[in-house]
Amino acid sequence: MSRLSERPEKPVVGVSMPHESAHLHVTGAALYTDDLVHRTKDVLHAHPVQVMKAHGRITALRTEPALAVPGVVRVLTGADVPGVNDAGMKHDEPLFPDEVMFHGHAVAWVLGETLEAARVGAQAVEVELDEQPSLIALRDAIAAGSFHGARPVMVTGDVDAGFADSAHVFSGEFDFSDQEHFYLETHAALAQVDENGQMFVQSSTQHPSETQEIVAHVLGVPSHEVTVQCLRMGGGFGGKEMQPHGFAAVAALGAKLTGRPVRVRLTRTQDLTMSGKRHGFHAEWRIGFDADGRIQALDATLTADGGWSLDLSEPVVARALCHIDNTYWIPNARVAGRIARTHKVSNTAFRGFGGPQGMLVIEDIMGRCAPLLGLDPTELRERNFYRPGQGQTTPYGQPVTHPERITTVWRQVHADGDVEHRRREIAAFNAAHPHTKRGLAVTGIKFGISFNLTAFNQGGALVLIYKDGSVLINHGGTEMGQGLHTKMLQVAATTLGIPLHKVRLAPTRTDKVPNTSATAASAGADLNGAAVKNACEQLRERLAQVAATRLGANASDVRIVEGVARALGTDGEVAWDELVRTAYLQRVQLSAAGFYRTEGLHWDAKTFRGSPFKYFSYGAAAAEVEVDGFTGAYRIRRVDIVHDVGDSLSPMIDVGQVEGGFVQGAGWLTLEDLRWDTGDGPGRGRLLTQAASTYKLPSFSEMPEEFHVRLLENATEEGAVYGSKAVGEPPLMLAFSVREALRQAAAAFGPPGVAVELASPATPEAVYWAIRSARDADRGGNAEQCPT
C-alpha cells in the first residue's frame, strides 16, 4: 500500500464524530460572511439596479436621481472601474454591462448608509433601453442556432458498424430541467480597505483564489494587494464556485472608491433572479442493442442551456459526455456536446457538474427501452455493466478501475433491501389495487473523481505547531457544511499522532495558502487532505529526529501515537508537549507548507481522449414508491443505498453526505420545477418561481419513510489519502432510482410491457400524464402526450 493510503496505529480518521461546527450551527453562534457586518463600523450597503427586460442595449443611464435620495453615498457604474470591467474568467461577463442579457440583469450598484436608502436609490436610477429579441426556451435557441463555446465530440469504436450489428434500434428525445441551488445563505461579500490601499474581502465563495483574481483585475492591482477570506458558507452546491466573484468585486470597488467597508448581500429574490442554476439539457439519442439486450452503439447529442455567458458551461458539458456511459460498457459511441446561448442567467456549477445530466440520459434510455426489449429494467442494466478482466474502457479511453465494485454494490443493495421478496409483494399489491400502484427500481452509478482541467488537481496547506504543543492548520478548501474541515482535523491529528483536541483549523484565506483550486468536483478532501498530510509528515519527521536523540534510537524507529513518542526496542517515551518544547529550544522549524498534485491524469480536450479521473466512485440504490392513479401524487416508501467511499475518513460525515446528496437529487428529478415566462408580454424572460412559495424544495415530507444507508466495506482506495474516496457529488445520482421507480409504478396502470415516457422533473403532474399514457395503451389507443 502506498504511503498516502496507509493508516498508522490508532488513527483518528475513520472515527465517527460530529461536524466540527455542529454546536455552533445549532446554537446560532456560527458566523457567516454577512454576520460580520454587525462587527464592522461605518458599513455602506450595496443594492443592484436591475433591468426587468430579457434583452436590450442601454441607451441612457442616469444616476443623478439616486444621488438625490437621502442616505445614498455613491452609484457605481462601468466608468468607475479602474481595471477590467469583467467578472468572469472568460471575459464575457461585464460587471457593469451596456447590454442587458437577462431579466433582472444588474447594470449599476447603489451604495447607501442603510440598505433601505440603497434600495430606494436603485429604484431612482433611470435606465433607457433599446429592447432586442430574446431567446428564452432551450429548444428555441437550438432552432435559432444560438450556440457559444466549445462543441466537443466523443467517439469510440465504429458507430455505423455497431448499429448495423444491432438487432434492435431505438431513438428518442429528452428534455430535463435546470435546478436552483437554494443554499440557505445567499451570495454575500464584505470588503474593507486599509491605509495602504490593501483590500480585504470576506466572501461566501467556494473559490477564494479566483475571487481574489477577479477582484484584483477589476481594481487594476496585482493579486498580492487583495486578500480573500471565507469563514464558512451556508451551503454552496457549486453555485458559489464562479458566481461570487462579481459580487465581491462590487464590494471591493465600492470600498476602494469610498474608503469605507461595503457590504453586498442579495435577498432571496435577487439571488434567484441574478445567479445561475444547474444546466437544463436537451438530448437526442439513438441506441442499438443485440438480441440479448447488450448495447452495441450509441449516437447522441447533448445540448446544455448555458444562459447568457459561458461561465463553467464548457467543462459541465465535457463532464456530461464523460458520464453518459454511467455503469455500462458502450463499445461504439458518438456523443456530441454543445452549449445553447439563451437570454437567461448564466448557468453554472451544481453538485455533479454535468455528470448527473449525462448519466440521466442513459438511465432514461434504459428505463424506456427495457419494456420494448421484453426485459426487466434491472436485468437490462445488469447485463450491460462494465466487467472485470475484459479490458473495457470508457468511451473517452480511460480504463475502468475496480469494475467489480459495480456488481458488488448492486448485489449488496439487493440483499440489504430484500428486493426480490418485495417485488413479489408489490406485484400482489398492484394486482389488488386498481387505483394505487407501487414501483421498485434499482439503479447504479459510476462517477469520476478529479477536475476535468488537470491543472486544478492540486492542493496546498500550511500547518503551524506552537511552543505549547497546540496545532493550527490552514488549507485551501472551503467549508460549506459538507464536513471538509472536520476531515482535515482528523487527517492532521492522525498524521501527527496526537489527540484531536490539540488541533484547530483557521478560516480559509488566500494569504495563507495561495493559488488554491475551488472546493468542487468532490475533490476537496482528496487534494487538501493530502496536502495537510504532506505538511504534517514534514513536521513529524523533524520531531522524530528530536525524539530519537532523547530516546537514544534511530528516527526511523520513532512512533508518535496518541500524543506520546516512543521508539521501537526502548522503554522511554516523550510526551507531545515536551517534545515540541524541546524542538523549539533546538531551533527546529515548527511550521510546514504542504502540497499535493494528483498523479496519473492526462486529458486532450481536442480529441476528447485520456484519463481525466483519479478513480471512480460507485454506488447503488433501491427505491420503492407508491403512486395515486387519480392525481399522480406519490410517496417514497423506502430507500436502500450501498455507497463506495473507500475507507471513510469520517463515517458520520459521509453517511450524512450520502443522505443529503440523495435527497437533493430526488428534488431535482421529481420536485424542483423552474418556470420562466416565455410569452411575448412585458414579463418575457422573467423567472416565475422566485421564492420558496413557488419553487418546491424537498422537505421532511419528501424523505423516504424508511432510509437505509450503508458504506461499502473493505474498499480501500490505493493512492488516495488514507484510502478514502470522495463523497460529495456521487450520491446525488443515486436518486435516479426514485425516478425509475415512478416510471415503473406509472407503467403498472397499463398492460404488461408498456414503455412509459416520464418528464423530468417527474412532478405529480408529469406522473399523472405518464399514468394516462399507460392507461391509454391498455385501451389500445395512441399514447396521450403531455402538453407543452
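Conventions we followed
Residues numbered from 1 in each chain as written. Predicted model: local features only at pLDDT ≥ 70, side-chain atom pairs only at ≥ 80, totals over all residues. Heavy atoms only, no water. 1 Å grid on protein atoms, 1.4 Å probe; cavity = no way out; pocket = protein on both sides within 12 Å on 5 of 7 lines; lining within 4 Å. Points joined across faces, edges and corners; volume = space filled by probe spheres on them. Nonpolar A, V, L, I, M, F, W, Y, C, P; charged D, E, K, R; others polar. Pairing = 2+ DSSP bridges. Helix = DSSP H or I, 4+ residues; strand = E, 2+ residues; numbered from the N terminus. Axes fitted to C-alpha atoms, helices over the stretch in contact; angles between N-to-C directions. Phe/Tyr/Trp six-rings, centres within 6.5 Å; stacked < 30°, edge-to-face > 60°. Buried < 20%, exposed > 50% of the residue type's maximum accessible area, 1.4 Å probe, protein only. Lys NZ or Arg CZ within 6 Å of the ring centre and 35° of its normal. Contact = heavy atoms within 4.5 Å. Expected span 1.5 Å × (residues − 1). Polar contact = N/O pair within 3.5 Å; in protein donor to acceptor, adjacent residues only side chain to side chain. pLDDT = per-residue confidence, 0-100. Parallel < 35°, antiparallel > 145°, perpendicular 65-115°, else oblique. Left-handed = near helix turned anticlockwise from the far one by under 90°.

Quick notes on empty space enclosed by the protein
To locate leftover empty space, one rolls a probe as large as a water molecule over the atoms.
Okay, so step 1: Evaluation of the coordinates by the stated rule reveals six cavities of 30 Å³ or more.
Okay, so step 2: In this model, the largest cavity occupies a volume close to 360 Å³.
Okay, so step 3: In this structure, the largest cavity is lined by 21 residues; those nearest its centre are Ala-87, Glu-93, Phe-247, Met-274 and Trp-308.
Okay, so step 4: Looking at side-chain class alone, the lining of the largest cavity contains twelve nonpolar, seven polar and two charged residues.

Overview of the sheet that holds strand E21 (residues 558-561)
Okay, so step 1: Across the sheet, three strands lie side by side as E21-E22-E23; this open sheet has antiparallel pairing. Whereas interior strands pair on both sides, the edge strands pair on one side only; in this sheet they are E21 and strand E23 (573-575). With direction set aside, neighbouring strand axes in the sheet form an average angle of 20°.
Okay, so step 2: Of the pairings in the sheet, the one linking E21 to strand E22 (residues 564-567) comprises four bridges and is antiparallel in character. Residue Ile-560 lies in a different strand from E22, and its bridge partner there is Ala-565.

Concerning the packing of aromatic side chains
Okay, so step 1: Within the structure shown, the criterion is met by 16 aromatic pairs.
Okay, so step 2: With a centroid separation of 6.1 Å and an interplanar angle of 65°, the aromatic rings of Phe-613 and Phe-616 are classed as edge-to-face. Here Phe-613 and Phe-616 have matching classes, each one buried.
Okay, so step 3: Where Tyr-768 meets Trp-769, the ring centres are 6.0 Å apart and the plane angle is 75°; that geometry is what we call edge-to-face.
Okay, so step 4: The class of Trp-769 is buried, set by a relative accessible area of 18%.
Okay, so step 5: One aromatic cluster is present, built from ring pairs that chain together Tyr-396, Trp-603, Phe-608, Phe-613 and Phe-616.
Okay, so step 6: Over the aromatic face of Phe-147 sits the side chain of Arg-151, whose NZ or CZ is 4.7 Å from the ring centroid.
Okay, so step 7: Between Arg-438 and the ring centre of Phe-429, over which it is positioned, the NZ or CZ distance is 3.7 Å.

Structural notes on the pairing of strand E16 (residues 436-449)
Okay, so step 1: Counting buried positions over the 14 residues of E16 gives 14, a clear majority of the element.
Okay, so step 2: What you see with E16 is no split at all: Thr-436, Arg-438, Leu-440, Val-442, Gly-444, Lys-446 and Gly-448 on one side and Lys-437, Gly-439, Ala-441, Thr-443, Ile-445, Phe-447 and Ile-449 on the other are buried throughout.
Okay, so step 3: As judged from the 14 bridges shared by E16 and strand E27 (residues 615-628), these two strands associate in the antiparallel manner. Residue pairing for E27: Arg-438 is matched across the bridge by Glu-626.

Re the sheet that holds strand E4 (residues 99-100)
Two orientations exist for strands paired in a sheet by backbone hydrogen bonds: parallel and antiparallel.
Okay, so step 1: The strand order E4-E2-E6 describes an open sheet built from three strands, whose pairing is antiparallel. What marks the edges here is a single partner per strand, and that holds for E4 and strand E6 (126-131).
Okay, so step 2: The pairing of strand E2 (residues 56-62) with E6 spans six bridges and is antiparallel. Directly across from Ile-58, in E6, lies its bridge partner Leu-129.

Let's talk about the side chain of Ser-134
Okay, so step 1: With respect to the helices and strands, the residue Ser-134 is situated in the loop between E6 and helix H4 (138-144).
Okay, so step 2: Its relative accessible area of 12% is what places Ser-134 among the buried residues.
Okay, so step 3: Sequence-distant contacts of Ser-134, that is, excluding residues within four places in its chain, are made with Ala-54, His-55, His-343 and Arg-684.

Topic: helix H14 (residues 484-496)
Okay, so step 1: With 13 residues, H14 should reach 18 Å at 1.5 Å per residue; the first-to-last C-alpha distance of 18 Å fits that figure.
Okay, so step 2: Burial within H14 is extensive, with 13 of its 13 residues counted as buried.

A look at the side chain of Glu-624
Okay, so step 1: Position of Glu-624 relative to the elements: it lies in strand E27.
Okay, so step 2: A relative accessible area of 5% places Glu-624 in the buried class.
Okay, so step 3: Within the structure, the side chain of Glu-624 is placed 2.8 Å from the side chain of Arg-422, a separation counted as a polar contact.
Okay, so step 4: Side chain to side chain, Glu-624 and Arg-637 meet in a polar contact 2.8 Å long.
Okay, so step 5: Excluding its chain neighbours within four sequence positions, the residues that come into contact with Glu-624 are Arg-422, Ile-426, Arg-438, Gly-439, Leu-440, Arg-635, Ile-636, Arg-637 and Arg-638.

Points about unusual backbone geometry
Glycine aside, a negative phi is what most residues show, and trans is what most peptide bonds show.
Okay, so step 1: Put simply, Ser-760 and Pro-761 share a cis peptide bond, and its omega is 10°.
Okay, so step 2: With respect to the helices and strands, the residue Pro-761 is situated in the loop between helix H18 (736-747) and helix H19 (764-778).
Okay, so step 3: The phi angle at Asn-326 is positive, at roughly 50°, despite the residue not being glycine.
Okay, so step 4: Mapped onto the fold, Asn-326 is located in the loop between helix H9 (313-322) and strand E15 (333-341).
Okay, so step 5: Judged by relative accessible area, Asn-326 falls into the buried class, the value being 0%.
Okay, so step 6: Backbone geometry places Glu-562, a non-glycine residue, at a positive phi of 50°.
Okay, so step 7: Mapped onto the elements of the fold, Glu-562 is located in the loop between E21 and E22.

Quick word on the confidence of the model for the protein chain
Okay, so step 1: Across the protein chain, pLDDT averages 97, with 99% of residues at or above 70.
Okay, so step 2: Counted against residues more than four places away or in other chains, residues 781-788, with its pLDDT under 50, gives eleven contacts.

Comments concerning the packing of helix H10 (residues 355-369) against H18
Okay, so step 1: Their axes nearest at 11 Å, the elements H10 and H18 cross at an angle of 25°. Taken together, H10 and H18 sit at an angle that is classed as roughly parallel. Regarding H10 and H18, the two cross each other, and that crossing is right-handed. Residues Pro-356, Met-359, Leu-360, Glu-363, Asp-364, Gly-367 and Arg-368 of H10 form the contact with H18, whose participating residues are Phe-736, Arg-739, Glu-740 and Arg-743.

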